[in-house]
Amino acid sequence: KERADKSRVHMRELPADYRNKNNEEVNCGLTKEEALNEAKRCLDCPAPSCTNGCPVGIDIPQFVKNIERGEILEAAKIIKQTSALPAVCSRVCPQEKQCEAECIYAQKMGKEAVAIGYLERFAADYERESGQMAVPECAPSNGIKVAAVGSGPAGLAFASDMAKRGYSVTVFEALHEIGGVLKYGIPEFRLPNSIIDVEIEMLKKLGVEIVTNCIVGKTITFEDLQAQGYKALFVGSGAGLPRFMNIPGENLIGVMSSNEYLTRINLMGALRDGDTPVLSGKNVAIIGGGNTAMDAVRTAKRLGAEHAMIVYRRSEAEMPARIEEIKHAKEEGVEFMPLHNPIEYIGDEKGRVKQMRLQKMELGEPDASGRRSPVEIPGAIETIDVDTVIVSIGVSPNPLVPSSIKDLSVSKWGTITVNDGMQSSVPTIFAGGDIVRGGATVILAMGDGRRAAAAMDEYLKSC
Amino acid sequence: MNKILKKEHFSPNVLHFEVEAPQIAKTRKAGHFVLVKVGEKGERIPLTIAASDPVKGSISLVVQRVGVSSAKLCDLNEGDYITDLVGPLGKATHIENYGTVVCAGGGVGVAPLLPIVEAMKKAGNRVITVLAARSKDLVILEEQMRANSDEVIVMTDDGSYGKQGLVTAGIEEVLLREKVDMCVTVGPAIMMKFVALLTKKYNVPTMASLNTIMVDGTGMCGACRITVGGKIKFVCVDGPEFDAHEVDFDEMQMRLNSYKEIETEAMKHYIETAAI
Ligand SMILES: Cc1cc2nc3c(=O)[nH]c(=O)nc-3n(C[C@H](O)[C@H](O)[C@H](O)COP(=O)(O)OP(=O)(O)OC[C@H]3O[C@@H](n4cnc5c(N)ncnc54)[C@H](O)[C@@H]3O)c2cc1C
Ligand SMILES: Cc1cc2nc3c(=O)[nH]c(=O)nc-3n(C[C@H](O)[C@H](O)[C@H](O)COP(=O)(O)OP(=O)(O)OC[C@H]3O[C@@H](n4cnc5c(N)ncnc54)[C@H](O)[C@@H]3O)c2cc1C
Ligand code: SF4
Ligand code: SF4
Ligand code: FES
Ligand SMILES: [Mg+2]
């Protein structure tokens with residue numbers, strides 16, 4: 001009873017007018033005392049609904065109980081039984097739609113859910129900082145070679161699980177850095193690279209070999225891998241193809257995809273110490289309302305934009321971004337222009353964008369996505385000044401791998417089609433993450449990688 | 001990390017590198033390129049694979065020193081390592097026996113043209129190569145081109161070597177003289193634009209190999225996008241070769257200047273710090 005009367009912990013954050021000028025992580029984490037207190041709120045439900053909300057089914061009451069007892073390393077161990085990247089997921093999972101949405105506090109009691117994500121992060125960070133990170137136990141080597149394409153969360157989770165099962169795993173990564181979107185997309189102020197690097201070090205300790213600068217389908221083909229003795233392949237190549245709107249002026253200088261913008265900055269170090277340039281001006285408009293759009297707009301603000309604007313064709317309620325992201329963006333001074341849709345970009349004599357024409361919208365009937373659809377208000381057109389536009393309206397699956405493998409069946413959206421065990425139409429090829437789901441989430445990608453590992457293990461044993 | 005096996009000058013600002021890259025040497029075809037990054041903080045820049053030696057496990061790059069990133073590469077020496085090198089990227093050139101093919105290259109476009117000339121010759125074409133440069137000392141790869149062409153026409157802006165005039169004058173001379181079935185052009189956007197206008201007049205199908213700004217080279221960022229026949233294409237995965245008569249070269253030229261000011265500043269800074 002008294003457990004239920006406590007109110008949910010608030011995580012400390014850097015002050016908005018300080019953090020919007022640098023790249024430091026915004027969320028500061030919980031202190032041990034805060035974590036122990038928050039853990040006390042958990043009712044240790046006999047049939048815990050929270051676990052159903054977690055795509056990888058972390059034993060939430062168990063790990064929370066251990067935190068309450070002060071057994072933090074034990075808590076971390078429990079989380080790691082099912083999640084390969086807890087320090088990452090606890091930072092980027094949309095908890096309010098997953099585990100925390102299913103917590104009994106939110107479901108039945110009309111109260112704020114137990115801060116599961118914060119507690120998970122606490123346990124993971126505590127373990128990492130303790131210097132006592134447990135290297136998971138590996139089965140003795142079985143000498144069987146398997147490969148993963150892509151080092152995003154799907155590929156890394158797959159590699160980790162296969163290594164634990166005793167396989168020799170090689171991960172092939174097209175870029176010069178390991179981590180996929182975690183590195184090139186999600187910015188430092190939300191997910192520091194040092195955290196990802198620790199997880200990657202852990203993988204290497206498990207014996208996983210990672211080959212960067214190697215594009216499967218180009219540098220090396222599926223057939224080459226087979227010839228080199230790889231018995232099966234996991235494709236976690238992501239949804240890397242940016243979409244554009246095909247409106248006039250979209251190829252003007254200063255108009256770019258969020259992938260380009262974030263890659264130049266996060267992966268290539270533009271405007272820090274890298275040789276790669278980036279355009280990021282005073283009036284920056286981001287088109288879209290997802291996580292990527294929020295990351296881009298908050299980055300633009302940090303790079304000195306006077307006006308960093310979210311331009312979104314529906315209303316704020318329909319935005320797919322996490323609530324926390326929207327809140328943080330607003331605190332940092334980001335301007336929101338919901339119910340606006342760009343119809344044209346206008347350039348100066350050198351071809352650099354200087355203005356954009358926006359069609360005002362209103363909400364109509366719900367569409368296929370279940371959200372109210374945006375409808376144009378006839379004649380309501382506005383022109384605003386912009387010097388940088390970042391198009392962040394989604395990505396499509398990268399066709400590079402699918403098109404390089406004969407007999408691999410893909411859907412009409414270009415995603416690889418798989419069965420429940422993440423096995424594709426080619427029995428030795430498994431796939432997961434964004435290349436199977438289109439743009440999804442880190443935890444789903446990771447879950448796919450793990451499921452594929454289990455199924456591949458079964459498959460190889462049966463051969 | 002890829003080791004530089006050999007370095008030589010083709011002209012003061014055009015260098016030839018032989019780089020260790022066994023896997024790429026095996027699979028690359030004419031038209032393919034690599035992305036190269038020098039130093040941890042380096043920029044990823046695309047360079048055409050000019051030749052390869054699968055036995056030795058090496059590829060050749062011909063690099064023109066134009067800005068910071070190409071300069072950093074040109075300043076490396078034999079025995080040094082290129083931090084990151086990935087490829088082969090892009091679609092291979094469509095090679096077949098067309099009959100008579102004119103291959104026209106200008107500036108550093110001559111390097112990417114060489115593997116195409118070789119492949120066209122090997123496929124049984126009569127190959128006429130037109131090389132254009134500002135002056136005699138900027139003419140590169142002439143010998144290698146001669147070895148793979150039925151005829152080589154050299155054009156210089158100042159008439160210091162070959163004939164005086166632009167690349168288009170050289171091509172037109174051939175077009176007026178005999179039936180040409182195919183034209184391939186690689187060079188600065190403005191040059192390719194005028195080649196395309198000329199061959200359009202003579203109704204000769206023309207392929208242009210485009211050199212847009214790139215970042216990842218795998219279709220992930222869209223930096224390399226251009227308009228071909230009214231549609232957006234990504235040069236790194238859909239190209240680099242396109243029907244020259246459909247390419248919007250003015251837009252491409254404009255986009256190539258995206259970072260002009262920043263690049264000029266950066267180069268100034270690089271030269272100053274190198275001088276110290
Ligand atoms: C800016 C941004 C913010 C996001 N924020 C969140 C968030 O807050 N929470 C959340 O849950 N999700 C978020 N997402 C989505 C999430 O990042 C993705 O769903 C997830 O990364 C997908 O994982 P993946 O392993 O399938 O692919 P990716 O992370 O895309 O990794 C794929 C990797 O494969 C490599 N690759 C591709 N082709 C080849 C090839 N042929 N050979 C070798 N390697 C190849 C790529 O270079 C890449 O490194 C965000 C996405 C972006 C872009
Ligand atoms: C498919 C392809 C093949 C190429 N092959 C060759 C080759 O064989 N030899 C050669 O010398 N050059 C080649 N280039 C051009 C070469 O990539 C550029 O000269 C180089 O990137 C310039 O970078 P920089 O930093 O030295 O110069 P900067 O001063 O930074 O740039 C000079 C100009 O080069 C272009 N450029 C800048 N950054 C890039 C980038 N990341 N990618 C592409 N272009 C850029 C811009 O138009 C810029 O104004 C090729 C380009 C492409 C797209
Ligand atoms: S992995 Fe994500 S969904 Fe699962 S418990 Fe952790 S924060 Fe919640
Ligand atoms: S539903 Fe909420 S209170 Fe119940 S076990 Fe899960 S986290 Fe604890
Ligand atoms: S270089 Fe990024 S999509 Fe072509
Ligand atoms: Mg440069």
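Everything quoted here is computed from the prediction, not taken from an experiment.

Draft legend 1. View of the interface of chain A and chain B. Residue-level contacts link 39 residues of chain A with 40 residues of chain B. Surface buried jointly by chain A and chain B totals about 3300 Å² across both partners, of which 57% is contributed by carbon and sulfur atoms. It is A:Lys218, A:Asn251 and A:Asp275 in chain A that bury the most area against chain B; as a group they hold 21% of the surface buried on that side. Our count for the contact surface shared by chain A and chain B stands at three salt bridges. Note that B:Glu261 and A:Lys350 form a salt bridge whose closest N and O atoms lie 3.6 Å from each other. At the boundary of chain A with chain B, the tally comes to 17 residue pairs in polar contact (both at pLDDT 80 or more). Of all the secondary structure elements, the ones that give two or more residues to the side of chain A that touches chain B are strand E5 (241-242), strand E6 (255-257) and helix H15 (258-267) of chain A.

Draft legend 2. Structural context of the site of ligand 1. All names here are of chain A. Within the structure, ligand 1 sits among 33 residues, and Val92, Ala154, Glu173, Arg190 and Asp434 are positioned closest to it. Contact between ligand 1 and Ala154: an oxygen atom at 2.9 Å from a main-chain N or O atom of the residue. With respect to ligand 1, the backbone of Ala440 contributes an N or O atom lying 3.1 Å from an oxygen atom. The fraction of the free accessible surface of ligand 1 (1000 Å²) that becomes covered by protein chains is 94%. Counting residues per element, the ones that place at least two in the shell around ligand 1 are helix H11 (153-164), helix H16 (291-302) and helix H20 (442-462).

Draft legend 3. Representation of the sheet that holds strand E11 (residues 163-164) of chain B. Residue and element names in this part refer to chain B. Taken in spatial order, the seven strands line up as E11-E10-E9-E8-E12-E13-E16 in an open sheet, and their pairing is mixed. Where the open sheet ends on each side, the last strands, each with one partner, are E11 and strand E16 (241-243). The sheet contact formed by strand E10 (residues 151-156) and E11 spans two bridges and is parallel. Within E11, the residue paired with Met155 across the bridge is Lys163.

Draft legend 4. Broad picture of the side chain of A:Lys183. Along the chain, A:Lys183 turns up in helix H12 (residues 181-184). Setting aside residues no more than four positions away along its own chain, A:Lys183 makes contact with A:Glu177, A:Ile178, A:Asn193, A:Ile196, A:Asp197, A:Ile200, A:Asn266 and A:Leu267.

Draft legend 5. Spatial organisation of the packing of H16(A) against helix H17 (residues 323-331) of chain A. Residue and element names in this part refer to chain A. Where H16 meets H17, the axes come as close as 10 Å, and the angle between the chain directions of the two elements is 20°. Classed by the angle they form, the pair H16 and H17 counts as roughly parallel. In the packing of H16 onto H17, the handedness of the crossing is left-handed. Packed against H16, whose contacting residues are Asn291, Met294, Asp295 and Arg298, the element H17 presents Glu325, Ile326, His328 and Ala329 at the interface. Class assignment for the residues of the contact of H16 with H17 results in three nonpolar, two polar and three charged.

Draft legend 6. Representation of H11(A) in the model. All names here are of chain A. The end-to-end C-alpha distance of H11, which contains 12 residues, comes to 17 Å, matching closely the 16 Å that a straight helix rising 1.5 Å per residue would cover. Of all the 12 residues making up H11, 11 are buried; the element is thus mostly covered by neighbouring parts of the structure. Every buried residue belonging to H11 is among Pro153, Ala154, Gly155, Leu156, Ala157, Phe158, Ala159, Ser160, Asp161, Met162 and Ala163, and all of these are buried. Elements in contact with the buried residues of H11: strand E1 (145-149), strand E2 (168-172), H12, helix H13 (193-205), strand E4 (230-235) and H20. Following H11 by one or two positions, Gly166 has its phi on the positive side, about 100°.

Draft legend 7. Quick look at the sheet that holds strand E5 (residues 58-64) of chain B. Residue and element names in this part refer to chain B. Spatial ordering of the open sheet is given by E6-E1-E2-E5-E4-E3-E7, a layout of seven strands whose pairing is antiparallel. Every interior strand has two partners, whereas the edge strands, strand E6 (81-82) and strand E7 (84-89), have only one. For strand E4 (residues 44-53) and E5, the ladder comprises four bridges, and the chain directions are antiparallel. Paired with Ser52 across the bridge in E5 is Ile59. Seen against the sheet, helix H3 (residues 110-122) touches E4 and E5 and runs at an angle of roughly 35° to E4.

Draft legend 8. Local environment of the pairing of strand E15 (residues 231-234) of chain B. Residues and elements named next belong to chain B. By the bridge criterion, four bridges tie strand E14 (residues 225-228) to E15 in an arrangement that is antiparallel. Considered in E15, the bridge of Val228 is made with Lys231. Taking the residues between adjacent antiparallel strands as the criterion, E14 and E15 are bridged by two residues, where Gly229 takes a positive phi near 55°.

Draft legend 9. Highlighting the site of ligand 2. All names here are of chain B. Around ligand 2 sit 24 residues, and of these Pro46, Val62, Gln64, Ser70 and Glu263 come closest. Contacts to ligand 2 include Ser69, whose backbone N or O atom sits 3.0 Å from an oxygen atom. Compared with its free state, where it exposes 860 Å², ligand 2 has 90% of that area covered by protein. Here the shell around ligand 2 is composed, by residue class, of 13 nonpolar, seven polar and four charged.

Draft legend 10. A look at a nonpolar patch on the surface. Taken together, the side chains of B:Ile190, B:Phe194 and B:Leu197 present a nonpolar region at the surface, about 290 Å² in accessible area. Mapping B:Leu197 onto the fold places it in helix H6 (residues 189-201).

Here is what the cut-offs are and how they apply
- Residues numbered from 1 in each chain as written.
- Chains lettered and ligands numbered in written order.
- Predicted model: local features only at pLDDT ≥ 70, side-chain atom pairs only at ≥ 80, totals over all residues.
- Heavy atoms only, no water.
- Contact = heavy atoms within 4.5 Å.
- Buried area = accessible area lost by both parts, 1.4 Å probe.
- Salt bridge = Lys/Arg side-chain N within 4 Å of Asp/Glu carboxyl O.
- Polar contact = N/O pair within 3.5 Å; in protein donor to acceptor, adjacent residues only side chain to side chain.
- Helix = DSSP H or I, 4+ residues; strand = E, 2+ residues; numbered from the N terminus.
- Near = heavy atom within 4 Å.
- Areas by Shrake-Rupley, 256 points an atom, 1.4 Å probe, with all protein chains shown as cover.
- Pairing = 2+ DSSP bridges.
- Axes fitted to C-alpha atoms, helices over the stretch in contact; angles between N-to-C directions.
- Parallel < 35°, antiparallel > 145°, perpendicular 65-115°, else oblique.
- Left-handed = near helix turned anticlockwise from the far one by under 90°.
- Nonpolar A, V, L, I, M, F, W, Y, C, P; charged D, E, K, R; others polar.
- Expected span 1.5 Å × (residues − 1).
- Buried < 20%, exposed > 50% of the residue type's maximum accessible area, 1.4 Å probe, protein only.
- Patch = residues over 30% accessible without salt bridge, like charges linked within 9 Å, V, L, I, M, F, W, Y side chains within 5 Å.

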